[in-house]
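# Overview (structure and organization)
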Amino acid sequence: MLVSPSLLSADFLQLGDAVRMLNAHADLIHLDLMDGVLVPNLSFGFSVTDAVSREAAIPLDAHLMTIHPWEWFPHLAKKGAAYISFHLEAAGADAAKHLASLRAMGVKAGLAIDPDVPVQKLFPYIGSADFFLIMSVYAGFGGQRFIPESLERIAALKAELARRGDRAMIEVDGGVSAANAKELREAGADILVAGSAVFGAPDPAAVIRSLKSA
Ligand code: DX5
Ligand code: ZN
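Calculation criteria
- Every chain is numbered independently, its residues counted from 1 as its sequence is written.
- Throughout, the order in which chains and ligands are written sets their labels, letters from A for the former and numbers from 1 for the latter.
- Only residues with pLDDT of 70 or above have their local features reported here, since the model is predicted, and side-chain atom pairs are shown and tallied only from 80 upward, although totals for entire chains, interfaces and linings are computed over all residues.
- To obtain the side-chain values, all non-hydrogen atoms of the structure were used and water was disregarded.
- One heavy atom suffices: a residue is near a molecule or strand as soon as one of its heavy atoms comes within 4 Å of it.
- Polar contacts here mean pairs of N or O atoms no more than 3.5 Å apart (in protein, one a potential hydrogen donor and the other a potential acceptor; neighbouring residues in sequence count only if both atoms are side-chain atoms).
- Computed by Shrake-Rupley with a 1.4 Å probe, the accessible areas treat only the displayed protein chains as cover when residues are assessed.
- Working definition: helices are DSSP H or I runs of at least four residues, strands are E runs of at least two. Numbering for both runs from the N terminus.
- Aromatic pairing here means that ring centres of Phe, Tyr or Trp (its six-membered ring) are within 6.5 Å. Orientation follows from the plane angle: under 30 degrees is stacked, over 60 is edge-to-face, and everything else is tilted.
- Exposed residues in this analysis have more than 50% of their type's maximum accessible area, buried residues have under 20%, and partly exposed residues fall in between, with area computed by a 1.4 Å probe over protein chains only.
- What makes two strands pair is DSSP finding at least two bridges between them.
- Each nonpolar core is a collection of buried residues, namely Ala, Val, Leu, Ile, Met, Phe, Trp, Tyr and Cys, held together in the definition by side-chain atoms within 4.5 Å.
- Contacts between residues were defined by any pair of non-hydrogen atoms, one from each residue, lying within 4.5 Å.

This part is about the site of ligand 1. Lining the immediate surroundings of ligand 1 are 20 residues, of which Gly 140, Gly 143, Asp 173, Gly 195 and Ser 196 lie closest. At 2.8 Å, a side-chain N or O of Ser 6 approaches an oxygen atom of ligand 1. Gly 175 is positioned such that a nitrogen or oxygen atom in its backbone is 2.8 Å from an oxygen atom of ligand 1. In the complex, 100% of the free accessible area of ligand 1, which totals 380 Å², lies under the protein chains. At the level of elements, β2 (29–34), β3 (60–65) and β8 (191–194) are the ones that each hand at least two residues to the shell around ligand 1.

Glancing now at the packing of aromatic side chains. Two numbers describe a pair of aromatic rings. These are the distance of the centres and the angle of the planes. According to the stated counting rule, one finds four aromatic pairs in the structure shown. Ring centres of Phe 12 and Phe 44 lie 5.8 Å apart, and the angle between their planes is 50 degrees; on these two criteria the pair is classed as tilted. In this pair, Phe 12 is assigned in the loop between β1 (2–5) and α1 (15–25) and Phe 44 in the loop between β2 and α2 (46–55), connecting sequence segments 32 residues apart. The interplanar angle of 65 degrees and the centroid separation of 5.5 Å between the aromatic rings of Tyr 83 and Phe 131 together place this pair among those described as edge-to-face. Of the two residues, Tyr 83 is situated in strand β4 (residues 81–87) and Phe 131 in strand β6 (residues 131–135); the sequence distance between them amounts to 48 residues.

With that settled, consider the pairing of strand β5 (residues 108–113). The side chains of a regular strand alternate between the sheet's two faces. The buried fraction of β5 is high, at five of six residues. Bridging between β4 and β5 involves five bridges; their strand directions are parallel. Looking across to β5, one finds that Ile 84 is bridged to Ala 109. Relative to β6, β5 runs parallel, the two being bridged by four bridges.

Ranked by size, the top nonpolar core spans 62 residues in total, and within it Leu 7, Phe 132 and Leu 157 carry the most contacts. The element that contributes the greatest number of residues to this core is α1, accounting for five residues. Aside from chain neighbours lying at most four places away, what touches Leu 7 is Phe 12, Leu 15, Ala 18, Val 19, Leu 22, Ile 29, His 30, Leu 31, Val 52 and Phe 199.

Next up, the structure:
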């Protein structure tokens, strides 16, 4: 299991410490970019992600919750984002084209959906994506409660990937904690994103370890 802690829940006054802690314990660093349009919140932009990329020793995993996400692909790829995902809700019928452009930049191409998008809407993109991001809360805020129906969505996608012999990974984001990590692994998750469960804990490294070994 790969663990991608979300910096959204870190103390932004101590961001360097957070990145160094993740370098030592996590697999990826999840960066949530929000534009206040696709989702009802703003997070951070390139001034923050560039600073993180200077200090990061592990791959960056950028999750674009913006309209026109493709506008931000080249900069993020240049700064070393090894994984970039964007929302099907933002890309519509052009999603396959944008996944291909990520792959052409040497990036792992990810397609994300919120909980109200039927998981079957991802199926046409099997073969075009390196990973799929199943949101297990509505995108926009950390610290929300995990939506249990997400487990069935993950399992349905996993079954379709297996049926087609496709090796795309499944990333799960929202309300993930040590309490549901095992169920998520059993349903088919390959990458767990966790914000508040990691950064809200007295010992974030211990939480990352328990997520990894779930
Ligand atoms: C929410 C973001 C998540 C968020 C997860 O829109 O995509 O990555 O940081 O936070 P938790 O783990 O607290 O739900
Ligand atoms: Zn995210």
